[in-house]
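Analysis of the macromolecular model
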Amino acid sequence: MNSTNNKESKISARRIATPGEVIVSGGNFLPGEGTEKIGEEILALKYGIVEESNGLVKIISISGVYYPRRGNVVIGMVENITFNGWVIDIETHENAFLSLAEVPRYVNKDEIEDVMNIGDMVVAKIWSINKRGIDLSIKSKGLGKINDGIIIKVNSNKVPRIIGKDGSMVNLIKSETECNITVGQNGLIWIRGEKIENELFAKRAILFVAEKSFIVGLTDEVKKWLEEEKTK
Amino acid sequence: MESQKTPLINEKRIRKFLEEGKRFDGRKPEEFREIKIETGVSKNAEGSARVSIGKTEVLVGVKMDVSEPYQDSQDKGNLTTTMELLPLSSPMFEAGPPKIEAIEMGRVIDRFIRESKFINMEKLCIKEGEKVWTVFIDIYSINDDGNLLDAAGIGAIAALKNSKIPKYDKKNEKVIYGELSDESIPLSKEIPLSITIHKIGKNLIVDPSREEEEISETRVTIGSSGELIHSMQKGKKGSLSIKEMSDILDLAEKTYKNIFSKIKKDLK
Amino acid sequence: MTKEFKRPDGRKSDELRPIKAKVGIIPNADGSAMFSFGDTVAIAAVYGPKKMHPQHLQNPTKSTLRCTYNMLSFSVTERIRPGPNRRSMEISKITEWALEPVLMIDEFPNTVIDVYINILQANASTRCAGINAAAMALAHAGIPMKNLVSSVSIGKLDKHLVVDLNKTEEDWEEGDGATDMPITLTADGKITHIQLDGKIEAKQLKEAIEYAKKACKEIHDIQKKALKDVEENI
């Protein structure tokens, strides 16, 4: 845990907090996400791992549903087609919509189903969240309809570990399994490789990371596991 | 967690991989996931069992009561089997009266137990034409990760084997609820098993994962004691050629032997 | 409270039955937990927040908490016909009322949080076990909550107050008979649920609530421990 100036960090690493618990009291800590400050005490307002940096205390969820954020890249399934776009299920409680205007090329209203039909998977970015719901876009590079490969699902809270610092974890898996991997912030992950065996190897690797997400030194564990699996 | 629909691209892969005789989790087409059986898990039941196949889990309980026999079986006990797909076991199940899926599954298991003659119904007769024991088998899903049907079948057998008959006050003709006699439910020595085979494309598999179960075109559930088949049910919209049916029967027999050898010690 | 009062199972007046608590028992759910008081076993699963259908039931100001409590047919000595009944519907509603005050669900309008509670084995205090399991499952699902809630039954057997009634005590017939008071408290001492049947003077009722506070603190510690034990499960 980081501590700055001469503030001693009173918070031990990777501590789990439960709702209503006093995380820390005294000192100049500020309440971040999932916490509130009452008097001198910072209280947890949800279940998760306590994280503190520069005096800001927050709770990182370790379980539960995905909460969408602007800018998130997500993977979803086309649920419905309207006259001007696609309703996409990104496994969240709000409707997500991809309008024709957010596709990089011109799409005629009559060819909507030909571009993407119900049941197709798509990688998209959330560009707006408002009262009506979530607006998606596939205008940037790396986004668009998914044609091949497999989709797996993990709890969205594991995504940061699966991606790793600056993508280190997912890149390690990509190179060792020889697959392209796109990780949606909502927990859906697209894997594409030359052979199904490679894709399933990548799937097992990702599930391994998700399962062991708590442990310290995860990267080394994963490297070890990948080596062992390759020799099988 | 909301929709659990299998993406089309996954379906493509599953089918293609199966053509090579391989499944996503590394199993062979005729291979089951790990089966765990625990009996006596609910103390107020006459008998109970918790069965898990992989991450799929069911809880089965047996209760008994005394009532009049049915018109056409005056000297036999009664059997009632229900299956509840509890909403807590899957985002796909809702609270409310049983949907057709649960009703069909309950009736498949009922037919399986009934036709296998596993329970000796004549021995459940107390007074012919007047008083007989009714056996209630209630099956609840706890987590659905595919193949609830086979877990339910194994659970029903395990719970029955675990069951003792309640004490009965002959003088006042009343069941003493909550007190069990030393007498077990009269069961046959042979253990019947209910095994479901799914057809995906031209391939047959047993014990489907949730995704495999979703995309299969047809399923056939066969209740047998090894060589003798007592019950059968085809489900879902697909159709079967006669050769496929023959292959299914062979696979069912082979699977019975496999599964039986694995679980017989848990079914004492 | 007479210290010499002998409970049928030998417990002290303020003693809870052995408690077991665990989270994450149902992989498909967003949050799940089991909680047992002795032979009374409850499991709970949470799905949500998720879209609320049908639309006309949506609440535009916050999420809707929807609890469904049910007992398995074989959880009791005399079989219960599967399906809801008036008692389970009432308990579903009071469970909602017991949990909602601590939930912070204004951030999820037009959604529903489904909590399913099933009793696998019953030896009285089933609604309390259900509420305890549901509270853990809601936390496990990451639902924003000010606090956990803890529920226990306080009883009066003839004239003696006891904590955590079992079935034998629920059916107590000596003297004044049994008075049963299931009660749910937040960790900071607020009552979110209280019921009573029997007969009791106000003075003793207040005393009973004090016993509940102590018992609920013990239960709360166990609920917290179960939530923190996930790391070891891996």
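Residues numbered from 1 in each chain as written. Chains lettered and ligands numbered in written order. Predicted model: local features only at pLDDT ≥ 70, side-chain atom pairs only at ≥ 80, totals over all residues.

1. Side note on the overall build of chain A
Scanning chain A from N- to C-terminus turns up five helices and 16 strands. In terms of overall dimensions, chain A has C-alpha extents of about 65 × 50 × 25 Å along its principal axes. Of all 232 residues assigned to chain A, the portion counted as buried reaches 39%. For chain A, the proportion of contacts with a sequence separation of at least 24, taken over those separated by at least 6, is 55%. (Helix = DSSP H or I, 4+ residues; strand = E, 2+ residues; numbered from the N terminus. Buried ≥ 20, exposed ≤ 12 C-beta atoms within 10 Å, placed from the backbone. Contact = placed C-beta atoms within 7 Å.)

2. A look at the overall build of chain C
If you tally the helices and strands in chain C, you get five helices and nine strands. Of the regular secondary structure in chain C, the N- to C-terminal order runs β-β-β-β-α-β-α-β-β-α-β-β-α-α. Taken over the C-alpha trace, chain C has a radius of gyration of 18 Å; the compact-globule value for 234 residues is 17 Å, and the two agree within 12%. Of all intrachain contacts in chain C linking residues separated by at least 6 positions in sequence, the fraction that spans at least 24 positions is 69%. (Rg over C-alpha atoms; globule rule 2.2 N^0.38 Å.)

3. With respect to the sheet that holds strand 12 (residues 229-235) of chain B
Through backbone hydrogen bonds, the strands of a sheet pair up, either in parallel or in antiparallel fashion. Residues and elements named next belong to chain B. If you trace the four strands from one edge of the open sheet to the other, you get 10-9-11-12, paired in antiparallel fashion. Two strands close off the open sheet at either side, each with one partner strand: strand 10 (203-206) and strand 12. Mean inter-strand twist for the sheet, computed between neighbouring axes without regard to direction, equals 20°. In terms of strand pairing, strand 11 (residues 218-224) meets strand 12 through six bridges, oriented antiparallel. Paired with Gly223 across the bridge in strand 12 is Ser231. Strands strand 9 (193-200), strand 11 and strand 12 of the sheet are contacted by helix 2 (residues 100-116), whose axis makes an angle of about 165° with strand 12. (Pairing = 2+ DSSP bridges. Axes fitted to C-alpha atoms, helices over the stretch in contact; angles between N-to-C directions.)

4. Remarks on the confidence of the model for chain A
Of all residues in chain A, 94% have pLDDT values of 70 or greater, and the mean over the chain is 90. The low-confidence segment residues 1-9 of chain A (pLDDT under 50) makes 13 contacts with residues lying over four places distant or belonging to another chain. (pLDDT = per-residue confidence, 0-100.)

5. A short note on the interface of chain B and chain C
At the interface, 31 residues of chain B touch 26 residues of chain C. At the level of elements, strand 3 (56-67), strand 4 (78-84), strand 6 (131-143) and strand 8 (174-184) of chain B are the ones that each hand at least two residues to the side of chain B that touches chain C.

6. A few points about the packing of helix 2 (residues 126-140) of chain C against helix 4 (residues 202-228) of chain C
Residue and element names in this part refer to chain C. Close contact between helix 2 and helix 4 brings their axes to 10 Å; oriented N to C, the two are set at 35°. For the pair helix 2 and helix 4, the sense of crossing is right-handed. Across the interface between the two elements, Asn132, Ala135, Met136, Ala139 and His140 from helix 2 touch Ile219, Gln223, Ala226 and Leu227 from helix 4. Here the contact of helix 2 with helix 4 is built from residues that sort into six nonpolar, three polar and no charged. (Left-handed = near helix turned anticlockwise from the far one by under 90°. Nonpolar A, V, L, I, M, F, W, Y, C, P; charged D, E, K, R; others polar.)

7. A short note on the interface of chain B and chain A
Across the contact, 12 residues belong to chain B and 13 residues belong to chain A. By residue class, the composition of the side of chain B that touches chain A is six nonpolar, two polar and four charged.

8. Thoughts on the domain arrangement of chain A
Looking at the assigned domains, one finds that chain A contains domain 1 (16-60), domain 2 (73-146) and domain 3 (150-231). A C-alpha centroid distance of 37 Å is found between domain 1 of chain A and domain 2 of chain A. (Domains from an automatic or database assignment.)

9. Let's talk about helix 4 (residues 196-211) of chain A
Its 16 residues give helix 4 of chain A an end-to-end C-alpha distance of 22 Å, which sits within 8% of 22 Å, the value for a rise of 1.5 Å per residue. Within the span of helix 4 of chain A, buried status applies to Glu199, Leu200, Phe201, Ala202, Lys203, Ala205, Ile206 and Val209 of chain A. (Expected span 1.5 Å × (residues − 1).)

10. Overview of the environment of Asp158 of chain C
Residues and elements named next belong to chain C. In this structure, Asp158 sits in the loop between strand 6 (149-157) and strand 7 (160-163). Overall, Asp158 belongs to the partly exposed group, with 13 C-beta atoms counted inside 10 Å. Excluding residues within four positions of it along the chain, Asp158 makes contact with Glu174, Gly175 and Asp176.

11. Considering unusual backbone geometry
Residue and element names in this part refer to chain C. Of note, the bond from Gly48 into Pro49 is cis; its omega dihedral lies within 30 degrees of zero at 0°. Within the secondary structure layout, Pro49 lies in strand 3 (residues 40-51). Residues His53 and Pro54 are joined by a peptide bond in cis, for which omega reads -5°. Unusually for a residue other than glycine, Asn110 sits at a positive phi of about 65°. Here Asn110 shows up in the loop between helix 1 (86-99) and strand 5 (111-121). Classification of Asn110 as buried rests on a count of 21 C-beta atoms within 10 Å. A positive phi angle, near 60°, is found at Ser125, a position not held by glycine. Its place among the elements puts Ser125 in the loop between strand 5 and helix 2.

12. Some thoughts on the sheet that holds strand 15 (residues 179-183) of chain A
All names here are of chain A. Pairing is antiparallel across the open sheet formed by three strands, whose spatial order is 14-16-15. Of all the strands in the sheet, just strand 14 (150-153) and strand 15 have a single pairing partner and so form its edges. For this sheet the average axis-to-axis angle between neighbouring strands, irrespective of direction, equals 25°. Judged from the four bridges that link them, strand 14 and strand 16 (residues 188-193) form a sheet pairing that is antiparallel. Residue pairing in the sheet places Ile150 in a bridge with Ile191 of strand 16. In this fold helix 3 (residues 168-177) packs onto strand 15 and strand 16, with an angle of close to 155° to the strand it touches most, strand 15.

13. Concerning the packing of helix 3 of chain A against helix 4 of chain A
Residues and elements named next belong to chain A. Where helix 3 contacts helix 4, the axes come no closer than 9 Å and their chain directions differ by 150°. It follows from the interaxial angle that helix 3 and helix 4 lie roughly antiparallel. At the point where helix 3 passes helix 4, the crossing takes the right-handed sense. Contacts between helix 3 and helix 4 involve Met169, Ile173 and Thr177 on the former and, on the latter, Asn198, Phe201, Ala202, Ala205, Ile206 and Val209. (Parallel < 35°, antiparallel > 145°, perpendicular 65-115°, else oblique.)

14. So, the pairing of strand 3 of chain C
Residue and element names in this part refer to chain C. Within strand 3, 11 of the 12 residues are buried, leaving the element largely enclosed by the surrounding structure. Strand direction decides the pairing type here: strand 2 (residues 31-37) and strand 3, joined by seven bridges, are antiparallel. Counted as the bridge partner of Phe35 is Ala42 from strand 3. What sits between strand 2 and strand 3 in their antiparallel hairpin is a turn of two residues, with Gly38 showing a positive phi close to 55°.

15. Brief notes about the nonpolar core
Counting residues in each nonpolar core, the largest one holds 133 residues, and the members touching the most others are Ala44, Val115, Ala133, Ala134, Met136, Ala137 and Leu138 of chain C. With residues near it in sequence (within four places) discarded, Val115 of chain C still touches Ala44, Val46, Leu65, Arg66, Cys67, Ala134, Ala137 and Leu138 of chain C. Residues Ala96, Ile152, Val159 and Val222 of chain A belong to the second largest nonpolar core, which totals 56 residues. (Core = buried A, V, L, I, M, F, W, Y, C linked by C-beta atoms within 7 Å.)

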